[in-house]
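# Structural description and commentary
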Amino acid sequence: MPQVAARITHDHEKWLKNYFKTKSAGAEFILPWAVDMFFKSLRAASQELNTAELKTILEAYKGIKILPNQCKGAYLSLRVEEACDVEEIHILHGASKSNLESKLKRLSDVQSTAIMIWANAYWVSKVWNGVSFDEYIKLTCT
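As the structure is a prediction and not an experimental result, all values here were calculated from the model.

Rules and cut-offs
- Residues numbered from 1 in each chain as written.
- Predicted model: local features only at pLDDT ≥ 70, side-chain atom pairs only at ≥ 80, totals over all residues.
- Heavy atoms only, no water.
- Helix = DSSP H or I, 4+ residues; strand = E, 2+ residues; numbered from the N terminus.
- Buried < 20%, exposed > 50% of the residue type's maximum accessible area, 1.4 Å probe, protein only.
- Salt bridge = Lys/Arg side-chain N within 4 Å of Asp/Glu carboxyl O.
- Arc of directions from axis to C-beta.
- Contact = heavy atoms within 4.5 Å.
- Axes fitted to C-alpha atoms, helices over the stretch in contact; angles between N-to-C directions.
- Parallel < 35°, antiparallel > 145°, perpendicular 65-115°, else oblique.
- Left-handed = near helix turned anticlockwise from the far one by under 90°.

### A short note on the environment of His90
Within the secondary structure layout, His90 lies in helix α5 (residues 89-93). For His90, a relative accessible area of 12% puts it in the buried group. Sequence separation between His90 and Leu139 is 49 residues, and the spatial gap between their C-alpha atoms is 22 Å.

### So, the pattern of salt bridges
Counting across every chain of the model gives 8 salt bridges. Two residues, Glu101 and Lys97, come together in a salt bridge whose shortest N-O distance is 3.7 Å. Placement of both Glu101 and Lys97 in helix α6 (residues 97-106) is noted, with a separation of 4 residues, approximately one turn of the helix. Judged by its relative accessible area of 24%, Lys97 falls in the partly exposed class. Salt-bridge contacts for Glu135 lead to Lys138; the nearest nitrogen and oxygen are separated by 4.0 Å. In this pair, Glu135 and Lys138 both sit in helix α8 (residues 133-140), 3 residues apart, roughly one turn of the helix.

### Some words on α8
When α8 is considered as a whole, its buried residues turn out to be Phe133, Tyr136, Ile137 and Thr140. Projected onto a plane normal to the axis of α8, the buried residues spread over an arc of 95° and lie on a single side. Those residues of α8 that are buried are in contact with α2 (23-47), α3 (51-60), α5 and α7 (109-124).

### Some remarks on the packing of α7 against α8
Two elements in contact, α7 and α8, have axes whose closest approach is 12 Å; the angle formed by their N-to-C orientations is 130°. By the angle between their directions, the pair α7 and α8 is classed as oblique. Once α7 is placed against α8, the crossing between them reads as right-handed. From α7, Trp118, Ala121, Tyr122 and Trp123 reach across to α8, where they touch Phe133, Tyr136, Ile137 and Thr140.

### Here we look at the side chain of Ser41
Along the polypeptide, Ser41 turns up in helix α2. Beyond its immediate chain neighbours, meaning those up to four positions away, Ser41 contacts Val110, Gln111 and Ala114.

Encoded structure:
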């Protein structure tokens, strides 16, 4: 099985030691589970949004770095609201700003985090380089 090195906090290390036989055993359980939860949450969240809204979110995350402590619905809403207010990206993609804001508020923090990671991945992953918004949405949200 491939190995992954990850930096974790002291608290995370302590948690892994307390709940699993070894840190490695804990990581081998948690990482696949987290990936599964990510895709489940992404699918659920993306079903609540139309293509124009998903494109607006993608555009809002161009050049944005996300941090773990910012993975909450409020941060997603603020980022999208700012991008719509300043750059009017919702108009570019044909989305209703008020409808999008309303839908984002209904997402859980986990769903919002999945959407943020998904939007950020479009811009930072070499896999998606040159792929259109439409194709990315089709390949990742259905």
